[in-house]
Structures are given as structure tokens and as C-alpha cells.
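# Structure at a glance
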Amino acid sequence: PALPQLALLALAPVPPVQGLFYTTFLVSVILAQEFHKWSHMIRPPPVVQALQETGLLISRKAHGAHHSSPFEGDYCILSGICNGTLDHFEFFRRLEVFFYLRNGAEPKCWHLNPDIKYQALQKYS
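Numbers given for residues are sequential positions, taken from 1 along each chain in its written order. Selection of residues for local features in this predicted model requires a pLDDT of at least 70, selection of side-chain atom pairs for listing and counting requires 80 or more, and totals for whole chains, interfaces and linings are taken over all residues. Calculated side-chain values reflect all of the structure's heavy atoms, with hydrogen atoms and water omitted.

Starting at the N terminus, helices and strands are each numbered in turn, a helix being any DSSP run of H or I of at least four residues and a strand any DSSP run of E of at least two. Each helix and strand in the chain was counted, giving 8 helices and 0 strands. Moving toward the C terminus, one meets the helices and strands of the chain in the order α-α-α-α-α-α-α-α. A globule of 125 residues ought to have a C-alpha radius of gyration of about 14 Å, yet the chain, at 18 Å, is considerably larger. Considering only C-alpha atoms, the chain reaches an extent of 50 × 40 × 25 Å along its principal axes. Contacts were defined at the residue level, with two residues in contact if any of their heavy atoms lie within 4.5 Å. When contacts within the chain are restricted to residue pairs at least 6 apart in sequence, long-range pairs at least 24 apart make up 28% of them. With the model as given, the accessible surface of the chain reaches about 8,800 Å², and the carbon-plus-sulfur share is 66%. Across the chain, the mean location of the 10 positive side-chain charges is 3 Å away from that of the 9 negative side-chain charges. We compute the radius of gyration over the C-alpha atoms and compare it with the globule rule, which gives 2.2 Å times the number of residues raised to the power 0.38. Note that accessible areas follow from Shrake-Rupley with a 1.4 Å probe, and for residues the cover is restricted to the protein chains shown. When charges are counted, Lys and Arg are positive and Asp and Glu negative, with His and the chain ends excluded. Taken as the charge centre is NZ of Lys, CZ of Arg, CG of Asp or CD of Glu, depending on the residue.

Moving on to the side chain of Ser 39. When you line up the elements, Ser 39 lands in helix H2 (residues 16-40). Excluding residues within four positions of it along the chain, Ser 39 makes contact with Gln 52, Ile 58, Ser 59, Arg 60 and His 63.

Counting residues in hydrophobic clusters, the biggest one holds 10 residues: Phe 71, Tyr 75, Phe 92, Val 97, Cys 109, Trp 110, Ile 116, Ala 120, Leu 121 and Tyr 124. Of all elements in the fold, only helix H6 (91-103), helix H7 (108-112) and helix H8 (114-124) reach the threshold of two or more residues within this core. Excluding anything up to four places from it in sequence, Ile 116 contacts Pro 70, Phe 71, Arg 93, Cys 109 and Trp 110. Among the buried residues, those of types Ala, Val, Leu, Ile, Met, Phe, Trp, Tyr and Cys that are joined through side-chain atoms within 4.5 Å form a nonpolar core. Categorising residues by exposure relies on relative accessible area from a 1.4 Å probe, with only protein chains included: less than 20% of the type maximum marks a residue as buried, more than 50% marks it as exposed, and the intermediate range marks it as partly exposed.

One fewer than the residue count of a helix, multiplied by 1.5 Å, yields its expected span. Helix length check: H2, at 25 residues, gives a terminal C-alpha distance of 36 Å against a target of 36 Å (1.5 Å per residue), a fit within 8%. Of the residues making up H2, those classed as buried are Gly 19, Leu 26, Ala 32, Trp 38 and Ser 39. Of the surrounding secondary structure, the elements contacted by the buried residues of H2 are helix H1 (2-11), helix H3 (46-54) and helix H4 (60-64).

Another aspect to go through is the packing of aromatic side chains. The relative placement of two aromatic rings is captured by the distance of their centres and the angle of their planes. Here is the rule: rings of Phe, Tyr and Trp (six-membered ring for Trp) pair when centre to centre is within 6.5 Å. Planes less than 30 degrees apart are stacked, more than 60 are edge-to-face, and the remainder are tilted. Summed over the entire model, instances satisfying the criterion amount to 7 aromatic pairs. On the numbers, 5.6 Å between centres and 40 degrees between planes, the contact of Phe 35 with Trp 38 is tilted. Placement of the pair is Phe 35 and Trp 38 together in helix H2, with a separation of 3 residues, close to one helical turn. Looking at Phe 35, the relative accessible area reads 23%, which means it is partly exposed. Ring-pair connections join several aromatic residues into one group, and the members of that group are Phe 21, Tyr 22 and Phe 25.

Printed below as a string of C-alpha cells:
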């Protein structure tokens, strides 16, 4: 959905500062998806591998922790820099409970392991 919005933004009369914000935001959304895709590739492009090795982009190995049980951390898909802090405060587990209590939506990890749901609700509701 970001590309059509970017095209619409190019056609719409928008104040320059607001246009710069929206353009930067939408381009960042597009790039974030590319960075995430590269973290799943066995052999990403050489320049991407170099960026992953420096830690500017998240590596396949580092991102793999996000796809492993108990599914309670390592959700940052760009560089992983924020993972330590967000995981320490159990930010994403709290967010799962927050949305579940408001609209009943359950994250996939709760279906994969019902104990996660039980523990999260006991701790944060």
C-alpha cells in the first residue's frame, strides 16, 4: 500500500514540510520491508551482507531468534539495535496483551503454544 500512497502524494497539493514527512515515512516503510526480506535470504546481495556484518542491518541469524519459541522478543526487523531494551521491558508481550484485551485478537505465538497466552495474561492483565 505504500507505493500507491506515494504516487498519490506526488499528485496531491501538500505543504512542503508535510510532503517531506510523508515521503520519508513511506519510503522508510518500503525500505523496511526490503531489509526484512534480506534477513530471510540465505545469500543476500554482497552489499547487504556487508551491512549485516557491521550490524547496520539485522542478519539472518539474529532475525531467526524472532521466529523461534517462545516468540517473546527480537521483533526489530531493521537492525535489531532496539531488541535488548524492548525485550528487557517485555514490550511486545505487553502489546500483545493490550490488543487482545481490547479486540480479542490473538498473536500467532499464542496458538502455537497456549502456555504463552496463559502466562502473558496472568502477568499483564
